[in-house]
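So you can see what is in the structure, the chains are spelled out below.
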Amino acid sequence: MSAEIVGTTPLGLYLHVPFCRTRCRYCDFYRVGENAERQQAFLGALAREIDGLHTYTGASVDTIFFGGGTPSLLEPEQIADVMTRLRERFAIQPGTEVTLESNPSDLSVERLRGYREAGVNRLSIGVQSFNDRELRLIGRRHDAERAQSAVGWAREAGFENLSIDLMIAVPGQTEAGFAATLKQAVALAPDHVSVYLLEVHEKSELDFLRRERPGLFPGEEAQRRRYLATREAFTAAGFEHYEISNFCRPGRRSRHNLKYWRCEPFLGLGPAAHSAIGGKRWQHAADLAAYLENPQAVEQAASDLTSERVFLGLRLADGVAVEDVRNAAGLGEVAFNERLRSLSPFVTLEGGRLRLTAEGFLVSTPVLAGLLA
């Protein structure tokens, strides 16, 4: 029955661990405060959710991603228990990519060895910056020295697939400071780097800070320069710029995130987690109490697969077949070509595939909206 529902493409599994010790000032993900009793209750509910997925018994899985929140607040033994339960439900393929998001302040060599023994083979470390002042302003619990140590500990623990996160345009960031962060990131030789432009959400702590001290926040031109400097630094170091915000060494693309961008099937477990299988989307409520009461409850979500394939696919350097874009836009050939000409600084057409340029990556949202309007 699972093959009929999922199809022949292996599933990706996303598990949302909603707990955080503190809240970063920029974060807009669903999270609740760290609490040992609630964490144990969450793991019990997660076990019930997995046990109730009878429809997917034996379904092939080739990526697993523990996200959050802060999954590294869970003990290695707890991660191992979840992995055991997943193996009992799904057909976990040899070589499955198993990622754990982590905070540098939670890590040690011993803890990281425990995660490796539990089955985690890819680590994502939320570094964000190697500048202590910037880290304090965005509410991170670690400092630059701790972040550098965490990368070294991960290698010592046996992680051969290591990703770090960095942020552009955080408050207080200067050209020189960001250049130093880039230099340090390259020197640490990760396998994958995700680099995000800071988003300031309305009524967040950063929103209030921006209103009080707007000069702390780099402007659009500074963001542009730093994004292009990031691209130059990592491509010069041998990284592939394979997605708007992501760089990797050859063969180290995030296989799990590629499922999102390619509209391949994935199943989300835990509060606030989303799923997409067979052209349908659904989600758990962003409510831990509701999840603890009924971990099987989900809400249907709107889905337009044709537009999603184009919108998400154009985030990738590989681009999208131009006919798919034209069909999604609902235009004839002449009108569509005219639209492409109007966006020529931001898109390129080669070999029948439409791609965003580096400048197009910078302004992807309005460009994509213009393509599909």
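Reference entry: report on the structure contained in this document. Every value quoted in this text rests on a predicted model; they were computed, and no experiment measured them.

Reading the values: rules and limits
- Residues numbered from 1 in each chain as written.
- Predicted model: local features only at pLDDT ≥ 70, side-chain atom pairs only at ≥ 80, totals over all residues.
- Heavy atoms only, no water.
- Helix = DSSP H or I, 4+ residues; strand = E, 2+ residues; numbered from the N terminus.
- Rg over C-alpha atoms; globule rule 2.2 N^0.38 Å.
- Buried < 20%, exposed > 50% of the residue type's maximum accessible area, 1.4 Å probe, protein only.
- Contact = heavy atoms within 4.5 Å.
- Areas by Shrake-Rupley, 256 points an atom, 1.4 Å probe, with all protein chains shown as cover.
- Lys, Arg positive; Asp, Glu negative; His and termini not counted.
- Charge placed at Lys NZ, Arg CZ, Asp CG, Glu CD.
- Salt bridge = Lys/Arg side-chain N within 4 Å of Asp/Glu carboxyl O.
- Core = buried A, V, L, I, M, F, W, Y, C linked by side-chain atoms within 4.5 Å.
- Pairing = 2+ DSSP bridges.

1. Some words on the overall build of the protein
- From N to C terminus, the protein includes 16 helices and 17 strands.
- By the compact-globule yardstick of 21 Å for 373 residues, the protein fits well, its C-alpha radius of gyration being 21 Å.
- C-alpha extents for the protein along the principal axes are approximately 55 × 50 × 40 Å.
- For the protein, the residues scored as buried account for 51% of the 373 residues in total.
- Sequence-distant contacts, at least 24 apart, represent 71% of the contacts inside the protein between residues at least 6 apart.
- Looking at the protein as shown, the accessible area adds up to about 16500 Å², and 49% of this sits on carbon and sulfur atoms.
- With 43 positive and 48 negative side-chain charges, the protein shows a spacing of 2 Å between the two charge centroids.

2. Overview of the pattern of salt bridges
- A full pass over the atoms with the stated rule returns 23 salt bridges.
- With its nearest N and O atoms 3.2 Å apart, the salt bridge here joins Arg111 to Glu75. Pair noted here: Arg111 is in helix α4 (residues 109-118) and Glu75 is in the loop between β4 (60-68) and α3 (76-89), with a separation of 36 residues, a long-range link.
- On the accessibility criterion, Glu75 (36% relative accessible area) is partly exposed.

3. A look at the nonpolar core
- If you look at the biggest cluster of nonpolar residues, it comprises 82 residues, and the most contacted ones within it are Leu86, Phe90 and Leu371.
- Discounting residues that sit within four places of it in the chain, Leu371 has contacts with Leu314, Val325, Ala329, Phe336, Arg339, Leu340, Leu343, Val347 and Leu354.
- Within the second largest apolar cluster, 9 residues are counted, among which are Leu137, Ile138, Leu209 and Leu216.

4. Points about unusual backbone geometry
- With an omega of 20°, the peptide bond between Gly68 and Gly69 qualifies as cis.
- Within the secondary structure, Gly69 is located in the loop between β4 and α3.
- Residue Gln128 is not a glycine yet carries a positive backbone phi of 75°.
- One can find Gln128 in strand β6 (residues 122-128).
- According to the relative accessible area criterion, Gln128 is buried, its value standing at 7%.
- The residue Cys263 is not glycine, and still its phi comes out positive at about 55°.
- Structurally, the position occupied by Cys263 is in the loop between α10 (255-261) and β11 (266-269).
- We classify Cys263 as buried; its relative accessible area is 14%.

5. Quick notes on the pairing of strand β1 (residues 11-17)
- β1 sits mainly inside the fold: 7 of its 7 residues count as buried.
- Burial along β1 is two-sided: the face carrying Leu11, Leu13, Leu15 and Val17 and the face carrying Gly12, Tyr14 and His16 are both buried.
- Relative to β4, β1 runs parallel, the two sharing 7 bridges. Bridge assignment links Gly12 to a residue of β4, and that residue is Thr63.
- Bridge analysis of β1 against β11 gives 4 bridges, and the strand direction is parallel. Bridge pairing in β11 places Tyr14 opposite Gly268.

On their own, these measurements won't tell you what the molecule is for.
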